[in-house]
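Residue-level listing of the chains:
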Amino acid sequence: MPNHYTKFSTLLPLCSAKAGILALELLEAMRAEGADGAFESDSVGFEAEANEPPDSELQHLWIHHDERGSIEDVLTFVYACCEKKLTLPVRWSLIWTGDCSKPCLDAYCGGAIVLDLATGKEIASLSLTNWAHQIEHSTHQVFDVDREAAAQAHDCVMQNQHGEATSETPAMLPIRTALAAAAFGQTVTISGVGPD
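Right, let's walk through the structure included here. (Residues numbered from 1 in each chain as written. Predicted model: local features only at pLDDT ≥ 70, side-chain atom pairs only at ≥ 80, totals over all residues. Heavy atoms only, no water.)

Considering the nonpolar core
One recurring pattern in soluble globular proteins is that nonpolar side chains are buried together.
(1) Moving on: Leu12, Phe46, Ile63, Phe77, Val78 and Trp92 are the most contacted members of the largest nonpolar core, which totals 28 residues.
(2) Moving on: Listed by contribution, the elements that provide at least two residues to this core are strand 1 (4–14), helix 1 (17–32), strand 3 (59–65), helix 2 (71–83), strand 4 (91–100) and strand 5 (109–116).
(3) Moving on: No other element matches the 8 residues that helix 2 contributes to this core.
(4) Moving on: Apart from the residues lying within four places of it in its own chain, the contact partners of Phe46 are Phe8, Leu27, Arg31, Phe39, Ile63, His64, His65, Asp73, Val74 and Phe77. (Core = buried A, V, L, I, M, F, W, Y, C linked by side-chain atoms within 4.5 Å. Buried < 20%, exposed > 50% of the residue type's maximum accessible area, 1.4 Å probe, protein only. Helix = DSSP H or I, 4+ residues; strand = E, 2+ residues; numbered from the N terminus. Contact = heavy atoms within 4.5 Å.)

Thoughts on a negative patch on the surface
(1) Moving on: On the surface, Glu47, Glu49, Asp66 and Glu67 cluster together into a negatively charged patch.
(2) Moving on: Structurally, the position occupied by Glu47 is in strand 2 (residues 47–51). (Patch = residues over 30% accessible without salt bridge, like charges linked within 9 Å, V, L, I, M, F, W, Y side chains within 5 Å. Areas by Shrake-Rupley, 256 points an atom, 1.4 Å probe, with all protein chains shown as cover. Salt bridge = Lys/Arg side-chain N within 4 Å of Asp/Glu carboxyl O. Lys, Arg positive; Asp, Glu negative; His and termini not counted. Charge placed at Lys NZ, Arg CZ, Asp CG, Glu CD.)

Details of the sheet that holds strand 2
(1) Moving on: With antiparallel pairing, the 6 strands of this open sheet are ordered in space as 2-3-1-4-5-6. On the outer flanks of this sheet lie strand 2 and strand 6 (121–127), each paired with one strand and no other. When strand polarity is set aside, the average angle formed by the axes of neighbouring strands in this sheet is 15°.
(2) Moving on: Sheet topology places strand 2 next to strand 3; 5 bridges connect them, and they run antiparallel. Note on strand 3: the bridge partner recorded for Ala50 is Leu61.
(3) Moving on: In the packing of helix 2 onto the sheet, contacts are made with strand 1, strand 3, strand 4 and strand 5, and the angle to strand 4 comes to roughly 165°. (Pairing = 2+ DSSP bridges. Axes fitted to C-alpha atoms, helices over the stretch in contact; angles between N-to-C directions.)

Structural data, given as structure tokens:
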């Protein structure tokens with residue numbers, strides 16, 4: 001029987017060294033609640049430890065798992081840290097992979113979520129399985145933009161940000177079309193290479 005794995009490794013930025021101690025104490029208190037608590041199971045699907053990168057005053061918690069991690073448990077903990085104002089007020093992302101000990105169909109996946117730690121709100125999330133399924137079944141539009149068009153669109157946006165008058169270039173058409181599709185609730189991808 002194959003073994004399925006969920007793996008991730010991320011740094012959660014905290015507002016101080018004291019916040020690191022408080023976050024670990026919070027984690028222990030949440031773990032002590034057991035099956036009736038906020039986490040999915042008694043085992044809690046991640047490890048967390050203090051991590052201070054070299055040449056930096058920033059304090060982080062290293063959150064990781066290399067076997068059967070739980071994205072839900074990580075998010076429950078991070079939301080709790082946000083509520084207690086232990087995190088820096090920045091955007092933070094968690095990226096994970098789904099793996100399998102044997103090459104089974106539908107066994108491989110992955111995803112990502114981005115949170116605003118100032119508010120504890122989700123900004124965006126992505127499931128690779130859903131993304132691939134949407135493209136495969138033509139419910140997801142992909143717009144190709146070549147290097148020259150991307151450079152023109154970039155220049156146009158930068159000029160507008162600086163209050164300079166610009167004439168819209170043909171490069172803006174696929175970008176406008178993609179944004180219009182997104183406005184109607186469709187999932188879109190703009191594919192291409194931008195300026196160096």
